[in-house]
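Below, each chain spelled out in residue letters.
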Amino acid sequence: MSDTPIQRAEALREQLRMHNYRYHVLDDPIVSDAEYDALMRELRSIEAEHPELITPDSPTRRVGNAPSEKFAKVRHPVAMLSLGNAFDEADVRAWRERVLRLLGEDAQLTFTVEPKIDGLAIALTYVNGAFVRGATRGDGEVGEDVTANLRTLASIPLVMLATGSSDGADSAIPTSIEVRGEVYMRIAEFERLNERLAAAGERVAANPRNAAAGSLRQKDAAVTASRPLRFFAYAVGPFEGIALNSQWGTLQYLKGRGFPINRDARQFTDFEEALAYCHDWMRRRDVLEYEVDGVVIKIDSFGQQRELGVAGRDPRWAIAWKFPARETTSRLINITVNVGRTGVMTPNAEIEPVNLGGVMVRNASLHNADYISQRDIRIGDYVTVKRAGDVIPYIIGPIVDRRDGTEQVWQMPATCPDCGTPLERAEGEVAWRCPNVAGCPAQLIRRVEHFVSRGAMDIAGLGEKQAVFFVEQGLIKDIADLYVLQEKDLAALEGYGAKKISNLLTAIEESKQRPLTRVIVALGIRFVGESVAQALTQRFRSLLALMAATEAEIDAIDGIGPEIAASIEAYFQAPVNRALIEKLIGLGVRSEAEAQAEPLGDQLAGQTFVITGTLAGMSREQAAELIAAHGGKVTGSVTKKTHYLLIGSDPGGTKYAKAVEFGVPLLDEAGLLRLLGSVEPTPPDDGVVGQIAMDL
Ligand code: IVH
């Protein structure tokens, strides 16, 4: 890079302008935020060292972007500001210190904390209660008139509600008001939209934000109407004819006038509690229906807000605590296929290593062959990579405009990469499979890994390395062979002395006593995890009875649907599996449930429970037994009919989210024990029984 600083600065400005345009005007960025920030940082540092090179039109001098030509321009009567960023708790504390310095150390502060939903900001003008104009934020000064498109959003009132006052707030209709908020798309709806676009051969959006922006900025309002856009209000611009004095009061007022406000907004007088709530948010991020890129903390009082004023573009009275990014771009180096324990081929993307929310990501899922072809993902493409919580990182789609023509179209290999058997695809299924269930070494290795894993037979000291060794040495041909391994077989295991070998053999032997539920999980039947296995144990009480069960009998169990029932029946019908189970039983693996506990009571008669997370004082199996012994039932998934979700630490996102959706009361261990007490319990009004550890 022998550019002079002046050349480099000019090149950077040009790139940044192009990226700004792609992001703000075309809603189609081709670099990640991190790459953009790096360019911006480089330009800033050149300009800091050579102030004479600063030009008035440098991207460092301006935030946001001018509106496109597609829509009429609207000048915002009061600028739409942006927000200063905090990246950790210390930044937020520093912000509060500054607020106190400006207002005086003894100022009484009240805060609101609101999720920062990742969409795009808009301003809606109402005159005498009627919606007359809606505009995008644009560069904050001038936006675009998208009134016709906004009219198609069901969540935007065309007329303000005149009746009903919420929390005693002013319920008058203002002569004029500008309501500000965010247009966004839910994650599930975004994914469905992408499926639809991919199937129609159209370009998929990289994330819900771009999808929302692109959907709103359509020339044809009918297209906008067909998109799952939602709106929530979080602020007001100029208004006349009403009195509003605080952020919290404004939210309540807007709610009363028919505007959706975020139900997770909270008001705090205690700063530490506000911070704790922010931390909760960071953890809850994975169970939300929409993307949040942070939380916004605002000083509640409008009087104090006015006193604090604005610095540059950012109000001093608010700050955005940004969460680590979970999406970035990288280059797809190669596509390989992983063979799963049921023979399913999962294409795996090898990407140039990138840091994604603090984790180096080298591999990402591509789901299946259709996913790749529908999105036209090619080897060599720049791709958008996403990682959310525990989910394996996956590729969202290619950045088509970054192609240089050398990209290669990929195809699913015709044969299994491990055993060479021609792959098959069942009618109506997306998955390609290796049909060599009994003989494919890769499938057996995966099955062994699953069989010995913690939630299954939990055999300490047996992992991938040992599984590969046993299979490659021909020591085992199926999982039951684990129980015939002998000392001499293990002698060749690298790094294994007499002691380690004997420990491993003991661990294998001891695993024969695992409860029936674990044995069922260990078999690795498709869709059968712990909760389904628990339900099967309760109903059939032995492997042989389960093996003889009909699909209808299985389907009749609470919490087990037809798809799961069909999969279980298919598993037990296959002769290889029946032989395997008989072999396991013959080798002494437990095949019957422990004797059913004597009924201890009927306090829970007719009540259905679902269990999630790790309980502190008992295992989930013990909790299930306890519930059953008191007449209750444990099922696998939360439905409207579930009475309680028994919740431990690190609960599963789906169960928790469903419980919240259906209003199923949450119960912790203490709450369960209380239900079993002699006093007939009544759930409190808020539907939360017991002390819920809110570490979600
Ligand atoms: S307040 C002066 N509240 O974040 C304060 N903004 O970086 C202006 N956003 O342009 C915004 N959720 O698009 C506010 N609860 C919330 C928000 C929110 C999302 C977005 C909005 C704004 C950007 C500022």
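Residues numbered from 1 in each chain as written. Predicted model: local features only at pLDDT ≥ 70, side-chain atom pairs only at ≥ 80, totals over all residues. Heavy atoms only, no water.

Novice: Explanation requested: the pattern of salt bridges in the structure shown.
Specialist: What the rule picks out here adds up to 38 salt bridges. Where Arg 403 meets Asp 376, a salt bridge forms, and the shortest distance between an N and an O atom there is 3.4 Å. Placement of Arg 403 in the loop between β19 (394–398) and β20 (408–409) and of Asp 376 in the loop between α11 (369–375) and β17 (378–379) is noted, with a sequence separation of 27 residues between them. Residue class for Asp 376 comes out partly exposed when judged on its relative accessible area of 28%. Arg 446 serves as the salt-bridge partner of Glu 449, at 3.1 Å between the closest nitrogen and oxygen. With Glu 449 and Arg 446 both in helix α12 (residues 441–452) and three residues apart, this pair spans about one turn of that helix. (Salt bridge = Lys/Arg side-chain N within 4 Å of Asp/Glu carboxyl O. Helix = DSSP H or I, 4+ residues; strand = E, 2+ residues; numbered from the N terminus. Buried < 20%, exposed > 50% of the residue type's maximum accessible area, 1.4 Å probe, protein only.)

Novice: Would you mind showing me how to read the sheet that holds strand β3 (residues 111–117) here?
Specialist: Hydrogen bonds between backbone atoms are what pair the strands of a sheet, whose relative direction is either parallel or antiparallel. Overall, mixed pairing links the five strands, which are arranged β2-β13-β10-β3-β9 in an open sheet. Only two strands of the sheet have a single neighbouring strand rather than two, namely β2 (85–86) and β9 (266–268). Pairing analysis gives two bridges linking β2 to strand β13 (residues 318–322), with the strands arranged parallel. Residue Asn 85 lies in a different strand from β13, and its bridge partner there is Ala 320. The strands touched by helix α8 (residues 247–256) within the sheet are β3, β9 and β10 (292–299), with β3 carrying the most contacts at an inclination of about 55°. Relative to the sheet, helix α9 (residues 271–284) contacts β3, β9, β10 and β13, its axis offset from that of β3 by approximately 15°. (Pairing = 2+ DSSP bridges. Contact = heavy atoms within 4.5 Å. Axes fitted to C-alpha atoms, helices over the stretch in contact; angles between N-to-C directions.)

Novice: For this particular structure, what's the right way to read the pairing of strand β16 (residues 359–365)?
Specialist: Looking down a regular strand, the side chains alternate between one sheet face and the other. Pairing between strand β15 (residues 345–356) and β16: six bridges, direction antiparallel. Each residue of the ladder has a partner; that of Asn 355, found in β16, is Met 360. Connecting β15 to the antiparallel partner β16 that follows it, the hairpin turn spans two residues, and Gly 357 within it adopts a positive phi of roughly 55°.

Novice: Got a minute to help me understand unusual backbone geometry in this structure?
Specialist: Excluding glycine, residues mostly have negative phi values, and the peptide bonds linking residues are mostly trans. Positive phi is not limited to glycine here, since His 367 has a value of about 65°. In this structure, His 367 sits in the loop between β16 and α11. Within the chain, Phe 527 stands out as a residue other than glycine whose phi angle is a positive 75°. Turning to its location among the elements, Phe 527 is positioned in the loop between α16 (516–522) and α17 (530–540). Owing to a relative accessible area of 36%, Phe 527 belongs among the partly exposed residues under this scheme.

Novice: Is there a simple way to think about the environment of Ser 215 in this case?
Specialist: Of note, Ser 215 is situated in helix α6 (residues 208–216). Sequence separation of Ser 215 and Met 185 is 30 residues, and the distance between their C-alpha atoms is 9.6 Å. Setting aside residues no more than four positions away along its own chain, Ser 215 makes contact with Met 185, Leu 193, Thr 224, Arg 227 and Leu 229.

Novice: I would appreciate a short explanation of the pairing of strand β25 (residues 644–647) in the present structure.
Specialist: Neither face of β25 is left uncovered, since the one carrying Tyr 644 and Leu 646 and the one carrying Leu 645 and Ile 647 both have all their residues buried. Taken together, the four bridges between strand β23 (residues 608–612) and β25 define a ladder with parallel strand orientation. When the bridges of β25 are listed, Ile 611 appears paired with Leu 646. In terms of strand pairing, β25 meets strand β26 (residues 666–667) through two bridges, oriented parallel.

Novice: Where do I start with the packing of α12 against helix α13 (residues 464–472) in this structure?
Specialist: Relative placement of two packed helices is described by the angle separating their axes and the distance separating the axes. For the pair α12 and α13, the least separation of the axes is 9 Å and the interaxial angle reads 140°. Relative to α13, the element α12 is oriented oblique. Helix-helix and strand crossings are classified by hand; for α12 and α13 the assignment is right-handed. Seen from α12, the contacting residues are Pro 441, Leu 444, Ile 445, Arg 446, Val 448 and Glu 449; seen from α13, they are Glu 464, Ala 467, Val 468 and Val 471. Its residues assigned to classes, the contact of α12 with α13 shows seven nonpolar, no polar and three charged. (Parallel < 35°, antiparallel > 145°, perpendicular 65-115°, else oblique. Left-handed = near helix turned anticlockwise from the far one by under 90°. Nonpolar A, V, L, I, M, F, W, Y, C, P; charged D, E, K, R; others polar.)

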